[in-house]
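# Understanding the architecture of this molecule
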Amino acid sequence: ETGVTQTPRHLVMGMTNKKSLKCEQHLGHNAMYWYKQSAKKPLELMFVYNFKEQTENNSVPSRFSPECPNSSHLFLHLHTLQPEDSALYLCASSPTVGQGDEKLFFGSGTQLSVL
Amino acid sequence: DQQVKQNSPSLSVQEGRISILNCDYTNSMFDYFLWYKKYPAEGPTFLISISSIKDKNEDGRFTVFLNKSAKHLSLHIVPSQPGDSAVYFCAATGGGSGGGADGLTFGKGTHLIIQP
């Protein structure tokens, strides 16, 4: 078991749908992340939360809306997505975002298909 | 422009032999490097890391070498086993990109296939 749990594992949605991805970490970490992995591309950082506060938004379109109610839970709300948003969405956590805490712990990801 | 490059999309190695995965970087401010391993339908898992103050770090069958002057690092796996078949990602952080996990820059990955 990974310590970082993501649901759902797979999601198919239409462009007009609204859905949410959920992430929960059981590691006692204070920082949580959303990454996007598209085919044949490097992992792209989308959002960073440290102690529930958003510290980074990597120029992500507003159709992706993150929410971090506490240090253990992270959501990614999706609405009016485009087919090019189809990708593997990975949640990760780390003790903090500072130097000395470079190691990320990833969930298994949500494979998203937008039709 | 990619700051972390893994130029081999795939690598095939016979079981028992040495696997060498390569990674090049362009940002001279990077000072901490990591390798992650990813199986299908799973998230990446941390494998091994190295700080720029070292040129080698070893953990069991896995050794990472860092050549700062060439801005190159490599991951050696010896002996290679069937369970090593996975995608391996190189990542770097530090300096101008911001130290820590929020400053990690990843390569595209190399798919290692271990043949029996």
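Each remark here, short or long, concerns the structure printed above.
Once a new chain begins, its residue numbering starts again from 1 and follows that chain's sequence as written. The order in which chains are written sets their letters, starting at A; the order in which ligands are written sets their numbers, starting at 1. Selection of residues for local features in this predicted model requires a pLDDT of at least 70, selection of side-chain atom pairs for listing and counting requires 80 or more, and totals for whole chains, interfaces and linings are taken over all residues. Side-chain numbers come from the whole structure's heavy atoms, not from hydrogens or water.

### Here we look at the nonpolar core
- Among buried residues, the Ala, Val, Leu, Ile, Met, Phe, Trp, Tyr and Cys ones that are joined through side-chain atoms within 4.5 Å form a nonpolar core. Note on exposure labels: buried denotes an accessible area under 20% of the residue type's maximum, exposed denotes more than 50%, and partly exposed covers the range between, all computed with a 1.4 Å probe on protein chains only. By size, the foremost hydrophobic cluster in this structure holds 23 residues, and its most contacted members are Phe33(B), Trp35(B), Leu73(B), Leu75(B) and Tyr88(B).
- Helix numbering and strand numbering both begin at the N terminus, where a helix is a DSSP run of H or I of at least 4 residues and a strand a DSSP run of E of at least 2. Within the residue set of this core, elements represented by two or more residues are β3 (19–25), β4 (32–38), β5 (45–51), β7 (62–67), β8 (72–77), β9 (86–93) and β11 (110–115) of chain B.
- Here this core gets four residues from one element, more than from any other, and that element is β9(B).
- Any two residues whose heavy atoms approach within 4.5 Å are treated as being in contact. Setting aside residues up to four positions removed in sequence, Leu75(B) forms contacts with Ser19(B), Ile20(B), Leu21(B), Trp35(B), Leu47(B), Ile48(B), Phe62(B), Thr63(B) and Tyr88(B).
- The next biggest cluster of nonpolar side chains, apart from the first, holds 22 residues, and it includes Leu11(A), Met13(A), Leu21(A) and Met32(A).

### Points about the pairing of strand β5 (residues 44–50) of chain A
Residues and elements named next belong to chain A.
- Burial analysis of β5 places six of its seven residues in the buried class, the great majority of the element.
- Pairing between two strands requires that DSSP report at least two bridges joining them. Note that strand β4 (residues 31–37) and β5 share six bridges and pair antiparallel. Looking at β5, one finds that Met32 is bridged to Tyr49.
- The hairpin turn running from β4 into β5, its antiparallel successor, is six residues long, and Lys40 in that turn takes a positive phi close to 60 degrees.
- Bridge count between β5 and strand β6 (residues 53–57): four bridges; the pairing is antiparallel.

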